[in-house]
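# Remarks on the overall topology
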Amino acid sequence: MGSDAVLEVTGLRKAFRGIRGGRRVAVDGLDMTVPAGVVHGFLGPNGSGKTTTLRIVLGLVRADAGAARMLGRPVPAALPAVLRQVGAIVEQPQFFPAFSGRRNLRSLAGIAGLPPGRVEEVLELVGLRDRAKDRYKTYSLGMKQRLAIGAALLRSPRLLILDEPMNGLDPAGIHEVRETMRRLTREGASVLLSSHILAEVEQVCDSVSIISRGRHVRSGSVSEVLAGRPSGEVLIRIAAPEEGIQILTEAGFGARRDGTQVRVSGVTDPALVTERLAQRGHYLAELTPVRADLESVFLELTGPTEARPEPERKEGTQ
Ligand SMILES: Nc1ncnc2c1ncn2[C@@H]1O[C@H](COP(=O)(O)OP(=O)(O)OP(=O)(O)O)[C@@H](O)[C@H]1O
Ligand SMILES: [Mg+2]
């Protein structure tokens, strides 16, 4: 394995018992490498196996096949040692509803043998200092989420694993979580963040692994994943847009007004757009290729996700 990886899974597989005695394959031979020192996005549609994968590497569920290494050690075998250096929120953490946020963290810190001062640092880090003395049950969803992140940060983890950490957070809360993750990586820690929301990953992650139906489909830096993926669209500016649209439509392109410009689709070679228009006496003032965004790459790689029946496989057919 690459020595720079904080997590590497190979051939990971997990099937759950489905209806009619069938097997539902949640993780289907997954390979994934999470590099050190970055915020890495673990991206996939609903039901694609993200939570199951994270539960496997944290020892909450047993894989049927495959191997995983976390912080260089095989897991689950080495989990007792490895977990000291890992903070995770995968399951909803259990806090005492009648205890304050501070008291909840203090009891967790006590179990971990950490000084109360660490609790104050963490409360500051997650922006809960002002509400630390209030009972947990009076917290908003976002505050509960931040307390959970605080709990995961208590031990100053080398690796922080967060399953959909932005759920239920308002923009300010999302901003704080993002800042917290960036700060952690500046301090040398690594973050693995699962999400099914692209914009979230695009904004905070350095690199990404995309999965679909329990399988790895693509990974790399966010820019690598986008690289070499022209959208097939260009924006052009011409003096007579309506005539230009007609010429381009006749030539087989898609063309429509987009503000003061014309958006041309179905473009494999922008030179053809220039040529067609010039042949008819129209000259471009501007031509800008439209960059594929992560959203379209994601949809292209993972296929439609809405109302897709779960892959159901009978035992013995695998
Ligand atoms: N304990 C379980 N028993 C049966 N099936 C399960 C169990 N846990 C997960 N699954 C199934 O495994 C598949 C993957 O689920 P998983 O929760 O890992 O997906 P996910 O990528 O985390 O989705 P989401 O984005 O909705 O959180 C789904 O089809 C799910 O129904
Ligand atoms: Mg999940």
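Throughout this description, residue numbers start from 1 for each chain and increase along the sequence as written. Starting at A for chains and at 1 for ligands, labels are handed out in the order in which the entities are written. Local features in a predicted model are, by the rule used here, given only for residues with pLDDT of at least 70; side-chain atom pairs are given and counted only at 80 or more, and totals for whole chains, interfaces and linings are based on all residues. Calculation of side-chain values draws on the structure's entire complement of heavy atoms; hydrogens and water are dropped beforehand.

## Here's the deal with the domain arrangement of the chain
- By convention here, the domain bounds are inherited from an automatic or database domain assignment. Parsing the chain into structural domains produces domain 1 (5-226) and domain 2 (231-291).
- For domain 1 and domain 2, the distance between their C-alpha centres works out to 46 Å.

## Topic: the pattern of salt bridges
- We define a salt bridge as a side-chain nitrogen of Lys or Arg found within 4 Å of a carboxyl oxygen belonging to Asp or Glu. For the coordinates displayed, the defined rule picks out 15 salt bridges.
- Between Asp64 and Lys14 there is a salt bridge, and its shortest N-O distance comes to 4.0 Å. Note that Asp64 is positioned in the loop between α1 (50-57) and β4 (65-70) and Lys14 in strand β1 (residues 5-17), a separation of 50 residues in sequence.
- Here Arg131 and Asp134 are joined by a salt bridge, their closest N and O atoms 2.4 Å apart.
- Its relative accessible area of 33% is what places Arg131 among the partly exposed residues. Secondary structure counts use DSSP, requiring at least four H or I residues in a row for a helix and at least two E residues in a row for a strand, with both numbered from the N terminus. For each residue, the accessible area found with a 1.4 Å probe, counting protein chains only, is set against the maximum for its type, and the residue is called buried under 20%, exposed over 50%, and partly exposed in between.

## Digging into the sheet that holds strand β3 (residues 39-43)
- Judged by pairing direction, the sheet is mixed, and its six strands sit side by side in the order β6-β7-β8-β3-β9-β10 without closing on themselves. For this open sheet the edge positions go to β6 (86-89) and β10 (215-221), each flanked by a neighbour on one side alone. Across the sheet, the mean angle separating the axes of adjacent strands is 15 degrees when strand polarity is ignored.
- Here, strands pair whenever DSSP counts at least two bridges between them. One ladder, built from five bridges, connects β3 with strand β8 (residues 190-195); its direction is parallel. Counterpart to Phe42 in the pairing with β8 is Ser194.
- It only takes one pair of heavy atoms within 4.5 Å for two residues to be counted as in contact. Each axis is a line fitted through C-alpha atoms, taken for helices only over the stretch in contact, and angles between the N-to-C directions span 0 to 180 degrees. Across the face of the sheet, helix α6 (residues 171-186) comes into contact with β3, β7 (159-163) and β8 while running at roughly 150 degrees to β8.

## Re the packing of helix α4 (residues 116-125) against helix α5 (residues 141-153)
- Contact geometry of α4 with α5 gives a least axis separation of 9 Å together with a crossing angle of 135 degrees. In terms of axis orientation, α4 runs oblique to α5. Relative to α5, α4 is oriented so that their crossing is right-handed. Listed contacts from α5 to Arg118, Val122, Leu123 and Leu125 of α4 are Leu147, Gly150 and Leu153.
- Among the residues making up the contact of α4 with α5, the classes are represented as five nonpolar, one polar and one charged. If an angle is under 35 degrees, it is roughly parallel; if it is over 145, roughly antiparallel; if it lies from 65 to 115, roughly perpendicular; otherwise it is oblique. In this scheme the crossing of two helices becomes right-handed for a clockwise turn of the near helix relative to the far one and left-handed for an anticlockwise turn of less than a right angle. Only Asp, Glu, Lys and Arg are considered charged, only Ala, Val, Leu, Ile, Met, Phe, Trp, Tyr, Cys and Pro nonpolar, and every remaining residue, Gly among them, polar.

## Things to note about the packing of helix α9 (residues 241-250) against helix α10 (residues 270-279)
- Where α9 meets α10, the axes come as close as 10 Å, and the angle between the chain directions of the two elements is 115 degrees. Considering only the axes of α9 and α10, their crossing is right-handed. Here α9 contributes Gly244, Ile247 and Leu248 to the contact with α10, which in turn contributes Val273, Arg276 and Leu277.
- Residue classes in the contact of α9 with α10 are distributed as four nonpolar, one polar and one charged.

## Considering the confidence of the model for the chain
- The score called pLDDT rates the predictor's confidence residue by residue, from a low of 0 to a high of 100. In this model, the chain carries an average pLDDT of 87, and 91% of its residues clear a pLDDT of 70 or more.
- Within the chain, strand β15 (residues 312-313) has the poorest average pLDDT of any element, 46, and β4 the best, 97.
- Predicted confidence is poor over residues 305-318, with pLDDT under 50, and the contacts of this stretch with residues over four places away or in other chains come to 22 contacts.

## Section: the packing of aromatic side chains
- Only the six-membered ring of Trp is used, alongside the rings of Phe and Tyr, when aromatic pairs are assigned; centres must lie within 6.5 Å, and planes under 30 degrees apart are stacked while those over 60 apart are edge-to-face, with the rest tilted. On inspection of all chains with the given rule, the structure shows three aromatic pairs.
- Arranged with centres 5.0 Å apart and planes meeting at 50 degrees, the rings of Phe95 and Tyr136 form a pair that is tilted. Placement of Phe95 in the loop between β6 and α3 (101-112) and of Tyr136 in the loop between α4 and α5 is noted, with a sequence separation of 41 residues between them. As far as burial versus exposure is concerned, Phe95 and Tyr136 are alike and both buried.
- Through a chain of ring-to-ring contacts, three or more aromatic side chains come together here, namely Phe95, Tyr136 and Tyr139.
- The ring of Phe99 is capped by Arg103, whose NZ or CZ atom sits 3.6 Å from the centre of that ring.
- For the cation-ring pair, Lys144 lies above Tyr136, with the distance from its terminal atom to the ring centre recorded as 5.4 Å. Sitting over a ring, as applied to charges here, requires NZ of Lys or CZ of Arg to be within 6 Å of the ring centre and within 35 degrees of the ring normal.

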